[in-house]
2 protein chains.
Amino acid sequence: MTDAGRASRPGGRTARVRTEVLAAVEAELAEHGYDGLTIDAVAIRSGVHRTTVYRRWKSVAGLLVDLLQAGIDDDWMPKDTGSLEGDLRAVNREVHEALTAEPSLTRAVIAASFRTLEAADALTQFWIDRYARTEIVVRRAVERGEVAPTTEAHQVVMTATAPLYHQLVLLRQPLSRAAADRYARTAAAVFALRPTATAT
Amino acid sequence: MTDAGRASRPGGRTARVRTEVLAAVEAELAEHGYDGLTIDAVAIRSGVHRTTVYRRWKSVAGLLVDLLQAGIDDDWMPKDTGSLEGDLRAVNREVHEALTAEPSLTRAVIAASFRTLEAADALTQFWIDRYARTEIVVRRAVERGEVAPTTEAHQVVMTATAPLYHQLVLLRQPLSRAAADRYARTAAAVFALRPTATAT
């Protein structure tokens, strides 16, 4: 591991192997779920030798943790559409697409988080990071004078996004994209300083 | 099974056995989670013979499904506090208590729903029933003139409750009772016909 670490450089062989292995983890997880995920299948799919996969990731849980870590390392940011409602709608459409995809990697990772503590912890860290990044939509709304500076950013983002997860993942019931848009609109409306069409 | 069915009467031996067994399922599930739930442990805890438990419930999943069915058969209704915000706050406090209890039966049942399809289906049916009952708080608000008759009742209840499930169960992060109250308040405010302190 130390040798591999010393030899690695951005875009080098180590980074390439990680990219290939994590792409295979995503595909296997989405297709077969956590119960169907095996190091052997990941090795075959990625074309990376199974000994390498075992040495570097140790276990199926280790692969999942690294997949979520890669999400934390990415440069995702919420779109800047010029309004709080627009920003929240864009976020909700991304969440909606991720949760209704067939197969859905996000649903598979959530299911895995109920199987192992390592996956649960990694998912919590991933979401803490994602929600912290998403809260910029509220800071932008404060700068535009759309909402009060005291507005609880986490509460706004949760009000918009939580119903999508609850309905699609826990209640396991359908939810249209129009409904996802509506939850974004009501979340924006409730915190707006000026009344909007929805709030009145 | 047919004999047992014929012999059963409300409050009779069959009903008593079911009550005792389901109480044991609740206790075992809350203490040890779905993975620790066994028919033998339920038999020992309830004092009901294991042969009876096997014959009537067949499997661990069968016990869980019947526990959720018993929830559908109960007479739970949301409290009538005289205002939409008060009603939603009372609902949210019940949800908050159920999700933050240590051990939490609700969290254990949710975890089980990611293990077997039977548990997932039974939980969906349980929640469809619970949400349908909860929506009366919106119909009462319509009658009081607090919200428009066209208000989407499911959307109101989801806006109030979903953030609690998302934060405590999926994000696995703390959420105070005061925060649960706040989500009830914003859900009531966004749909109110008259602006409230929160909405302005």
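Residues numbered from 1 in each chain as written. Chains lettered and ligands numbered in written order. Predicted model: local features only at pLDDT ≥ 70, side-chain atom pairs only at ≥ 80, totals over all residues. Heavy atoms only, no water.

**Observations regarding the overall build of chain A**
Then, in step 1: For chain A, the helix and strand inventory stands at 11 helices and zero strands.
Then, in step 2: Starting at the N terminus and ending at the C terminus, chain A contains elements arranged as α-α-α-α-α-α-α-α-α-α-α.
Then, in step 3: Projecting the C-alpha coordinates of chain A onto the three principal axes gives extents of approximately 60 × 40 × 25 Å.
Then, in step 4: Looking at chain A as a whole, 50% of its 200 residues qualify as buried.
Then, in step 5: Counted over contacts in chain A with a minimum sequence separation of 6, partners at least 24 positions apart contribute 64%.
Then, in step 6: About 9500 Å² of surface is accessible on chain A, with carbon and sulfur atoms providing 53% of the total.
Then, in step 7: Once the 25 positive and 25 negative side-chain charges of chain A are each reduced to a mean point, those two points are 2 Å apart. (Helix = DSSP H or I, 4+ residues; strand = E, 2+ residues; numbered from the N terminus. Buried < 20%, exposed > 50% of the residue type's maximum accessible area, 1.4 Å probe, protein only. Contact = heavy atoms within 4.5 Å. Areas by Shrake-Rupley, 256 points an atom, 1.4 Å probe, with all protein chains shown as cover. Lys, Arg positive; Asp, Glu negative; His and termini not counted. Charge placed at Lys NZ, Arg CZ, Asp CG, Glu CD.)

**A few points about the domain arrangement of chain A**
Residues and elements named next belong to chain A.
Then, in step 1: According to the domain assignment, chain A contains domain 1 (4-73) and domain 2 (84-191).
Then, in step 2: Computed from C-alpha atoms alone, the centre-to-centre distance between domain 1 and domain 2 is 27 Å.
Then, in step 3: Domain 1 puts 13 residues into the contact, and the matching count from domain 2 is 16 residues.
Then, in step 4: Note on domain 1 versus domain 2: buried area summed over both sides is about 1300 Å², and carbon and sulfur give 75% of it.
Then, in step 5: Three residues, Tyr34, Leu68 and Ile72, lead the burial of domain 1 against domain 2; their summed loss comes to 40% of the area buried on that side. (Domains from an automatic or database assignment. Buried area = accessible area lost by both parts, 1.4 Å probe.)

**Focus: the environment of Glu97 of chain A**
Residue and element names in this part refer to chain A.
Then, in step 1: Looking at where Glu97 falls in the secondary structure, it is placed in helix 6 (residues 84-100).
Then, in step 2: Accessibility expressed as a relative area gives 60% for Glu97, which makes it exposed.
Then, in step 3: Put simply, Glu97 and Tyr54 are 43 residues apart on the chain and 33 Å apart in space, counted from C-alpha to C-alpha.

**Here we look at the interface of chain A and chain B**
Interface extent is often summarised as the accessible area lost during association of the parts.
Then, in step 1: With 33 residues of chain A at the contact, the number on the chain B side is 33 residues.
Then, in step 2: When the area that chain A buries against chain B is broken down by residue, the three leading residues are Phe114, Leu170 and Arg172 of chain A, summing to 20%.
Then, in step 3: Remark: the boundary between chain A and chain B carries zero salt bridges.
Then, in step 4: Between chain A and chain B we count eight residue pairs in polar contact (both at pLDDT 80 or more) in total.
Then, in step 5: Of all the secondary-structure elements, those providing two or more residues to the side of chain A that touches chain B are helix 7 (105-113), helix 8 (117-134), helix 10 (153-170) and helix 11 (177-191) of chain A.
Then, in step 6: Here the side of chain A that touches chain B takes 11 residues from helix 10 of chain A, the largest share from any one element.
Then, in step 7: Looking at side-chain class alone, the side of chain A that touches chain B contains 20 nonpolar, 10 polar and three charged residues. (Salt bridge = Lys/Arg side-chain N within 4 Å of Asp/Glu carboxyl O. Polar contact = N/O pair within 3.5 Å; in protein donor to acceptor, adjacent residues only side chain to side chain. Nonpolar A, V, L, I, M, F, W, Y, C, P; charged D, E, K, R; others polar.)

**Some words on helix 9 (residues 136-143) of chain A**
Residues and elements named next belong to chain A.
Then, in step 1: Among the residues making up helix 9, those that are buried are Val137, Val138, Arg140 and Ala141. For helix 9, the arc enclosing every buried residue in end-on projection is 160 degrees, short of the 170-degree limit, so these residues lie on one face.
Then, in step 2: Structurally, helix 9 contributes buried residues whose contacts are with helix 6, helix 8 and helix 10. (Arc of directions from axis to C-beta.)

**A look at unusual backbone geometry**
All names here are of chain A.
Then, in step 1: Residue Pro103 is reached from Glu102 by a cis peptide bond, and omega for that bond is -5 degrees.
Then, in step 2: Tracing the chain through its elements places Pro103 in the loop between helix 6 and helix 7.
Then, in step 3: Positioned with a positive phi, Lys58 is a non-glycine residue whose angle comes to about 65 degrees.
Then, in step 4: Along the polypeptide, Lys58 turns up in the loop between helix 4 (50-57) and helix 5 (60-73).

**With respect to the relation of the copies chain A and chain B**
Then, in step 1: Here chain A sits on chain B after a turn of 180 degrees about the axis and a move of 0.0 Å along it, with an RMSD of 0.0 Å. What the superposition gives is, in effect, a two-fold axis relating one chain to the other.
Then, in step 2: In this assembly, 100% of the residues forming the interface of chain A have copies in chain B that are likewise at the interface, indicating an isologous arrangement. (Least-squares fit on C-alpha atoms with pLDDT ≥ 70 in both.)

**Comments concerning the confidence of the model for chain A**
Residue and element names in this part refer to chain A.
Then, in step 1: Within chain A, residue pLDDT values average 90, and 92% of them lie at 70 or more.
Then, in step 2: For chain A, helix 1 (residues 2-7) is the element with the lowest average pLDDT, namely 44, and helix 10 is the one with the highest, namely 98.
Then, in step 3: Across residues 1-8 the pLDDT falls below 50, and counting only partners more than four positions away or on other chains, this stretch makes four contacts in the model.
Then, in step 4: Here the predicted complex scores 0.89 on pTM and 0.88 on ipTM. (pLDDT = per-residue confidence, 0-100.)

**With respect to the pattern of salt bridges**
Residue and element names in this part refer to chain A.
Then, in step 1: Applying the stated rule across the entire model yields 31 salt bridges over all chains.
Then, in step 2: Of the charged contacts, one joins Arg89 and Glu85 as a salt bridge, the two residues approaching to 3.2 Å between their closest N and O atoms. Placement of the pair is Arg89 and Glu85 together in helix 6, with a separation of four residues, close to one helical turn.
Then, in step 3: The shortest N-O distance in the salt bridge between Arg130 and Asp129 comes to 3.9 Å.
Then, in step 4: Judged by relative accessible area, Arg130 falls into the buried class, the value being 15%.
Then, in step 5: Salt bridges sharing partners connect three or more residues here, namely Asp74, Asp129, Arg130 and Arg133.

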